[in-house]
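A closer look at the structure
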Amino acid sequence: MTTHPAPTRITVGGEAGTDPYEVLIGHQLLDQLPALVGSARRVAVLHPEALTETGDVLRQDLADHGYEAIAIQLPNAEESKTAEVAAYCWKALGQSGFTRTDVIVGVGGGATTDLAGFVAATWLRGVRWIAVPTTVLGMVDAAVGGKTGINTAEGKNLVGAFHPPAGVLCDLAALASLPTHDYVSGLAEIIKAGFIADPAILDLIERDPAAARLPDGPFTAELVERSIRVKADVVSGDLREAGRREILNYGHTLAHAIEKNERYEWRHGAAVSVGMVFAAELGRIAGRLDDATADRHRAVLESVGLPVTYRGDQWPKLLQTMKVDKKSRGDLLRFIVLDGLARPSVLEGPDPAMLLAAHAEIAA
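Let us look at the structure shown here. Given the structure is predicted, the values throughout are model-derived calculations rather than measurements. (Residues numbered from 1 in each chain as written. Predicted model: local features only at pLDDT ≥ 70, side-chain atom pairs only at ≥ 80, totals over all residues. Heavy atoms only, no water.)

1. Remarks on the environment of histidine 268
Mapped onto the fold, histidine 268 is located in helix α11 (residues 268–285). Look at histidine 268 and you get buried, because its relative accessible area is 10%. Note: C-alpha distance between histidine 268 and histidine 47 (221 residues apart in sequence) is 19 Å. Beyond its immediate chain neighbours, meaning those up to four positions away, histidine 268 contacts Leu137, Asp141, Lys156, Ser185, Glu189, His252, His256 and Glu259. Here the side chain of histidine 268 touches glutamate 259 through a polar contact of 3.1 Å, side chain to side chain. (Helix = DSSP H or I, 4+ residues; strand = E, 2+ residues; numbered from the N terminus. Buried < 20%, exposed > 50% of the residue type's maximum accessible area, 1.4 Å probe, protein only. Contact = heavy atoms within 4.5 Å. Polar contact = N/O pair within 3.5 Å; in protein donor to acceptor, adjacent residues only side chain to side chain.)

2. Quick look at the pattern of salt bridges
Enumeration over the complete set of coordinates arrives at 23 salt bridges. A salt bridge links arginine 41 to glutamate 68; the shortest N-O distance between them is 2.8 Å. Note that arginine 41 is positioned in the loop between α1 (33–37) and β3 (42–48) and glutamate 68 in strand β4 (residues 68–74), a separation of 27 residues in sequence. Between arginine 226 and glutamate 222 there is a salt bridge; the shortest N-O distance is 2.9 Å. Taken together, the positions of arginine 226 and glutamate 222, both in helix α9 (residues 220–237) and four residues apart, correspond to about one turn of that helix. Take arginine 226: its relative accessible area is 28%, and that puts it in the partly exposed class. Connected through shared salt-bridge partners, Glu281, Arg284, Asp291, Asp295 and Arg298 make up one network. (Salt bridge = Lys/Arg side-chain N within 4 Å of Asp/Glu carboxyl O.)

3. A closer look at the environment of tryptophan 123
Relative to the helices and strands, tryptophan 123 is located in the loop between α4 (110–122) and β6 (128–133). Linking tryptophan 123 and phenylalanine 98, residues 25 residues apart in sequence, is a C-alpha distance of 8.8 Å. When sequence neighbours within four positions are dropped, the list of residues in contact with tryptophan 123 reads Trp90, Leu93, Gly94 and Phe98. For tryptophan 123, the side chain forms a polar contact with the main-chain oxygen of phenylalanine 98, separated by 3.3 Å.

4. Considerations on the environment of valine 144
Note on placement: valine 144 falls in the loop between α5 (136–142) and β7 (147–152). For valine 144, a relative accessible area of 0% corresponds to the buried category. Taking the C-alpha atoms as reference points, valine 144 and alanine 299, separated by 155 residues in sequence, lie 28 Å from one another. Excluding residues that lie within four positions of it along the chain, valine 144 makes contacts with Val12, Tyr21, Val23, Met139, Ile228 and Lys231.

5. Some thoughts on the sheet that holds β3
The seven strands are arranged β1-β2-β9-β6-β5-β3-β4 in an open sheet whose pairing can be described as mixed. Strand pairing shows two members of the sheet lacking a second neighbour, β1 (8–12) and β4, which therefore form its edges. If you compare each strand with its neighbour and ignore which way they point, the axes differ by 15° on average. Note that β6 and strand β9 (residues 167–171) share two bridges and pair parallel. Each bridged residue has a counterpart across the sheet, and for isoleucine 130 the counterpart in β9 is glycine 167. Contacts from helix α2 (residues 52–64) reach β3, β4 and β5 (103–108) within the one sheet, and its direction differs from that of β3 by about 170°. Helix α3 (residues 83–95) rests against β3, β4 and β5 of the sheet, and its axis sits at about 160° to β4. (Pairing = 2+ DSSP bridges. Axes fitted to C-alpha atoms, helices over the stretch in contact; angles between N-to-C directions.)

6. Points about the packing of aromatic side chains
If you walk through the whole model with that rule in mind, you get four aromatic pairs. Both rings, one in phenylalanine 278 and one in phenylalanine 335, keep their centres 5.9 Å apart while their planes meet at 55°; by these two values the pair is tilted. With phenylalanine 278 in helix α11 and phenylalanine 335 in strand β10 (residues 334–338), this pair connects stretches of sequence that are 57 residues apart. Aromatic ring contacts, followed pair by pair, group Phe278, Trp315 and Phe335 into a single cluster. (Phe/Tyr/Trp six-rings, centres within 6.5 Å; stacked < 30°, edge-to-face > 60°.)

Below, the structure is given as structure tokens:
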């Protein structure tokens, strides 16, 4: 029988009125779930269709611990992040008699935990929830930080709430079953953390890009832990994105526009990869980022198989979508750029010619 070391525990601090919570990273963590659920009477396990078996196992385990547990099946991926799916969940909670002392568990990728957190934030104006992310993206990004949300026809995550979880269980064993493309997509958020805060992440990937692509690679756990520490540090001081938390949006302004343009059929990480190359070129054109660091974006992302270009004829649509992005202020577009490695800052209202020039560098 394989033995694993004790899980790593990373504390995410809460703002006034919210409690800190822990992110556990390791193997065989699901036995920690009942302790997080605590004294609740009822538990709803929200899971995507692709994880029906996992959802049923969790529901049964919670039932065996004496909870009234139900499983609510969601559509896969971004298809779950709609008002209609949220309403379906509210109906199920109402029919099950869910009260403010009961708990929601979201098990799945980032879309599932986004939706589960949003449902928890809005049911009875807020009930406790626990995130059990099963993808790289879910572990290092979506499940940590308390941002919850759904998509609308106008854009991604435009409706949502800040509602931190009571705990996050990142069981690395879940990554072994991920398709390669899904695993690699999650690496984009890890690489982002390297560029904005922890260059050691980039050094690890550059040492052996092929190994970085493997869920059971020699430094998978370290990459995940380092990325979560970056996010935990940032959000602990700025839960509601009033200041420093904006740096986590590096590459995301263009990425969200690409996702909407592709009707969410592009993986989030693939779009973020292109968005980071765009942001690097924008920083270079603005005279704020050195050539070597700008070029390093393309090299690192390509080395693990992430895309760095997008259809050039789509720029008018992308620009229009970016103008209604939640990071904009009035008529001013805002981008996170780098003033150097691990030195993120805001570029507000860049000249349209600069945007066009940066786009030319990613146009396929």
